[in-house]
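Tertiary structure, described
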Amino acid sequence: DEIRAFAREIVVKEIEKHAADGLGRVDYALASGGATVMKHSEPYSVGKGSSWFYMTNRNGVHSNAEKMLRPSFGEPGQCFPLKGSSGFVQIKLRKAIIPEAVTLEHVAKSVAYDRSSAPKDCRVSGWLQGHDAIDIPVDTKRMFLLTEFSYDLEKSNAQTFNVMGLPSSIIDMIRLDFTSNHGSPSHTCIYRFRVHGHEPNSVSMMAMQS
Amino acid sequence: DEIRAFAREIVVKEIEKHAADGLGRVDYALASGGATVMKHSEPYSVGKGSSWFYMTNRNGVHSNAEKMLRPSFGEPGQCFPLKGSSGFVQIKLRKAIIPEAVTLEHVAKSVAYDRSSAPKDCRVSGWLQGHDAIDIPVDTKRMFLLTEFSYDLEKSNAQTFNVMGLPSSIIDMIRLDFTSNHGSPSHTCIYRFRVHGHEPNSVSMMAMQS
Amino acid sequence: DEIRAFAREIVVKEIEKHAADGLGRVDYALASGGATVMKHSEPYSVGKGSSWFYMTNRNGVHSNAEKMLRPSFGEPGQCFPLKGSSGFVQIKLRKAIIPEAVTLEHVAKSVAYDRSSAPKDCRVSGWLQGHDAIDIPVDTKRMFLLTEFSYDLEKSNAQTFNVMGLPSSIIDMIRLDFTSNHGSPSHTCIYRFRVHGHEPNSVSMMAMQS
Ligand SMILES: [K+]
Ligand SMILES: [K+]
Ligand SMILES: [K+]
């Protein structure tokens, strides 16, 4: 009976985490929370060249881009495919935050047709854009390198990487650069990218409490 | 080995429940089952005033209203936001049923940006509308108070409340009134509302069997 | 502590399987993977006769047909309903594969309004169509009977059946015929149909390795 109670406790806790977006961690890059893809390298399309024209909105962002800011629910294909083995995506976060970690997710090994399109070597940087017009070039002096990592096909399909050298600055824009993938010469698929952190106010409040 | 078998049994059962819409209980207010929102208090919109006009259908029901009759899958933002800290929603159930319980769900604490928009004090009533025209005012004498409750931020995010004073009457319309929320002055978010019960026929059949 | 570790290990493994599309098995009939419904018997519609016209695409395939090639996430109603107690669906797979098994899924018992619309006796056949025009009648000599089974309402809601008499031939088209259902005189609902197997290349590679 004690064992049963033990087991049930663990199960309920783990399922709760699973039900809470898989990780149980707030994501400031979630589309349904207000984040959006602002810019990206050339997307990969299986169809004819003309589809690119029809699939983009006014700002040149592909209609599939938002898929990387939404849950995938274990489905192969629910990703944003970019051309080649290197590229980038720039995301406007829901709010200005102090970033703590990022999570890169690919489809699970057990249901994947092919995982050679998974990103491999990645670099994540962030900056505070505020209400600047989108057309103004980003002042690279204000950019912060948040983390560099390599996505490992042998580990869990959602891999979290902490921001280096905390405490960090406030950011509302984030950029994921991938410089290699796991073998596909044609394209790289981004299933989901999450950004974890806290809002500046809550920090000040914590500081005041201690 | 026995322990392993024990543990697996519990796990499989709990995951089954989780996979079965989280609770493993029939929901007669589910949109994909045929239920619809018929009426509601003023919705909350972040954008300009004109959006209200574009976002409503012919009956004055907001296009986001149905979100409260669909699963949220752990995503913040998959809710129907109403203006202020009090308001209501009226739902036509899939079928006339004898109600047993209702479930109010908010986003899980671990992935929420802010939970001050969760409803707090609630009252649920129901009635049998049948094929009456929608415009005819509801005869309040026919309305039944089903339950009153307070949504608790410290408990599980899906909270079920039994109908008071069973056995109850047959209803096909239900109304959720919230008179307070957890602190937001601007709006209250309803992630999901479910209605549990049984169809009249199955009752009669049960009575006949005993 | 050892028991805790045991339990957690089992839980994490089972949740991983659950998160990986429920079964943790590759599905070559998944819509998001590129599979499509090519043909089916008369669909069942609740509304007026005219809806049939509006709900079909150019090839006479109903817009709801693809629901059977997508996850249902425990929601009743997320299915493709066909008229009567017998009928069929023909699916073009994502790729030519050597089939190993198929899975037929209905909504879970605990959340279902009524399960009399579940298919019962089924027959699955497959063939290689390649780039033949769709209009050319299938040469029945090339068709393979893959399996015959009966969907059991008392078992798990996703039921997997192995292909009989392996090793089998390469196919890219599959046809599910149901000859009876669990009691509904009006219609039969197909929640999801999956096709498992492997790509011809990977077999040759395995053969070369051994
Ligand atoms: K996704
Ligand atoms: K919802
Ligand atoms: K489905």
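Even without glycine at this site, Asp21(A) takes up a positive phi of about 65°. Relative to the helices and strands, Asp21(A) resides in the loop between helix 1 (2-19) and strand 1 (36-40). Since its relative accessible area comes to 9%, Asp21(A) is described here as buried. Residue Phe73(C) is not a glycine yet carries a positive backbone phi of 50°. With respect to the helices and strands, the residue Phe73(C) is situated in the loop between helix 2 (50-54) and strand 2 (80-83). Exposure remark for Phe73(C): the relative accessible area of 31% places this residue in the partly exposed category.

For the rest of this paragraph, the subject is the environment of Phe6(C). Among the secondary structure elements, Phe6(C) is positioned in helix 1 (residues 2-19). The class for Phe6(C) is partly exposed, based on a relative accessible area of 26%. Leave out the neighbours within four places in its chain, and Phe6(C) touches Ile3(B) and Arg4(B).

Turning our eyes to something else, we now look at the coordination of the potassium ion (ligand 3). All names here are of chain C. Bound to the potassium ion (ligand 3) are the protein donor atoms Lys67 (O), Arg70 (O), Ser72 (OG), Gln78 (O) and Tyr191 (O), situated 2.6 to 2.8 Å from the metal. Each donor residue of the potassium ion (ligand 3) lies on one chain, and together they are spaced K-x2-R-x1-S-x5-Q-x112-Y. Classification of Arg70 as partly exposed rests on a relative accessible area of 30%.

Turning our eyes to something else, we now look at the interface of chain B and chain A. Across the contact, 20 residues belong to chain B and 24 residues belong to chain A. Interface of chain B and chain A: buried area, both sides summed, is about 1,900 Å²; carbon and sulfur atoms make up 66% of it. At the junction of chain B with chain A, the criterion picks out 1 salt bridge. The salt bridge involving Arg8(A) is made with Glu14(B); its shortest N-O contact spans 3.7 Å.

Let us now look at helix 1 (residues 2-19) of chain B. Taking 1.5 Å per residue as the helical rise, helix 1 of chain B with its 18 residues ought to reach 26 Å, and the 26 Å between its terminal C-alpha atoms agrees with that figure. Among all positions of helix 1 of chain B, only Ala7(B), Ile10(B), Val11(B), Glu14(B), Ile15(B) and His18(B) are buried. One side of helix 1 of chain B carries all its buried residues, which in axial view fall inside an arc of 130°. Structural note: helix 1 of chain B exposes Glu2(B), Lys13(B) and Glu16(B) on the side pointing more than 90 degrees away from its buried face. In this structure, the buried residues of helix 1 of chain B make contact with helix 1 of chain A together with helix 1 of chain C. In the segment just after helix 1 of chain B, Asp21(B) is the residue with positive phi, at about 65°.

Residues and elements named next belong to chain B. Every protein donor of the potassium ion (ligand 2) is accounted for by Lys67 (O), Arg70 (O), Ser72 (OG), Gln78 (O) and Tyr191 (O), and the metal-donor separations fall at 2.6 to 2.8 Å. Each donor residue of the potassium ion (ligand 2) lies on one chain, and together they are spaced K-x2-R-x1-S-x5-Q-x112-Y. Note that Gln78 is positioned in the loop between helix 2 (51-54) and strand 2 (80-83) and Tyr191 in the loop between strand 8 (187-190) and strand 9 (192-198), a separation of 113 residues in sequence. The exposure class assigned to Gln78 is buried, which follows from its relative accessible area of 17%. On the basis of relative accessibility, which here comes to 6%, the residue Tyr191 falls in the buried class.

All right, on to the interface of chain A and chain C then. By a widespread convention, an interface's size corresponds to the accessible area lost as its parts come together. In this assembly, 20 residues from chain A lie in contact with 24 residues from chain C. Summing the contributions of chain A and of chain C, the shared interface buries around 1,900 Å²; its carbon and sulfur component is 66%. Here chain A is connected to chain C by 1 salt bridge. Along the lines of polarity and charge, the residues of the side of chain A that touches chain C split into 12 nonpolar, 5 polar and 3 charged.

A few words on the relation of the copies chain B and chain A. Once chain B has been moved 0.0 Å along the axis and rotated by 120°, it coincides with chain A to within an RMSD of 0.0 Å. Such a combination of rotation and displacement between the chain copies is what one expects of a three-fold axis.

Tallied over the full model, the rule gives 42 salt bridges over all chains. One salt-bridge network, in which partners are shared between bridges, spans Asp21(A), Asp27(A), Glu105(A), Arg192(A) and Arg194(A).

On to the packing of helix 1 of chain A against helix 1 of chain C. Each packed pair of helices is defined by two parameters, the angle between the axes and the distance between the axes. Remark: helix 1 of chain A packs on helix 1 of chain C, axes separated minimally by 9 Å, with the N-to-C direction vectors making an angle of 35°. Crossing geometry of helix 1 of chain A relative to helix 1 of chain C is assigned as right-handed. Judged by residue contacts, Ile3(A), Phe6(A), Ala7(A), Glu9(A), Ile10(A), Val11(A), Glu14(A), Ile15(A) and His18(A) of helix 1 of chain A engage Ile3(C), Arg4(C), Ala7(C), Arg8(C), Val11(C), Val12(C), Ile15(C), His18(C) and Ala19(C) from helix 1 of chain C. Its residues assigned to classes, the contact of helix 1 of chain A with helix 1 of chain C comprises 12 nonpolar, 2 polar and 4 charged.

Next up on the list: the pairing of strand 3 (residues 87-105) of chain C. All names here are of chain C. For strand 3, the buried fraction is high: 14 of the 19 residues fall into the buried class. Bridge count between strand 1 (residues 36-40) and strand 3: 4 bridges; the pairing is antiparallel. Across the sheet, residue His40 finds its bridge partner in strand 3, namely Val89. By the bridge criterion, 7 bridges tie strand 3 to strand 7 (residues 171-178) in an arrangement that is antiparallel. Directly across from Gln90, in strand 7, lies its bridge partner Arg175. In this structure, strand 3 lies alongside strand 9 (residues 192-198), joined through 7 bridges in antiparallel fashion. Within the sheet, the bridge partner assigned to Thr103 lies in strand 9 and is Arg194. Two elements, strand 3 and strand 6 (residues 158-162), share 5 bridges in a ladder whose sense is antiparallel. Each bridged residue has a counterpart across the sheet, and for Thr103 the counterpart in strand 6 is Thr160.

Rules of the game
Residues numbered from 1 in each chain as written. Chains lettered and ligands numbered in written order. Predicted model: local features only at pLDDT ≥ 70, side-chain atom pairs only at ≥ 80, totals over all residues. Heavy atoms only, no water. Helix = DSSP H or I, 4+ residues; strand = E, 2+ residues; numbered from the N terminus. Buried < 20%, exposed > 50% of the residue type's maximum accessible area, 1.4 Å probe, protein only. Contact = heavy atoms within 4.5 Å. Donors = N, O, S within 2.8 Å, 3.2 Å for Na, K, Ca; no water. Buried area = accessible area lost by both parts, 1.4 Å probe. Salt bridge = Lys/Arg side-chain N within 4 Å of Asp/Glu carboxyl O. Expected span 1.5 Å × (residues − 1). Arc of directions from axis to C-beta. Nonpolar A, V, L, I, M, F, W, Y, C, P; charged D, E, K, R; others polar. Least-squares fit on C-alpha atoms with pLDDT ≥ 70 in both. Axes fitted to C-alpha atoms, helices over the stretch in contact; angles between N-to-C directions. Left-handed = near helix turned anticlockwise from the far one by under 90°. Pairing = 2+ DSSP bridges.

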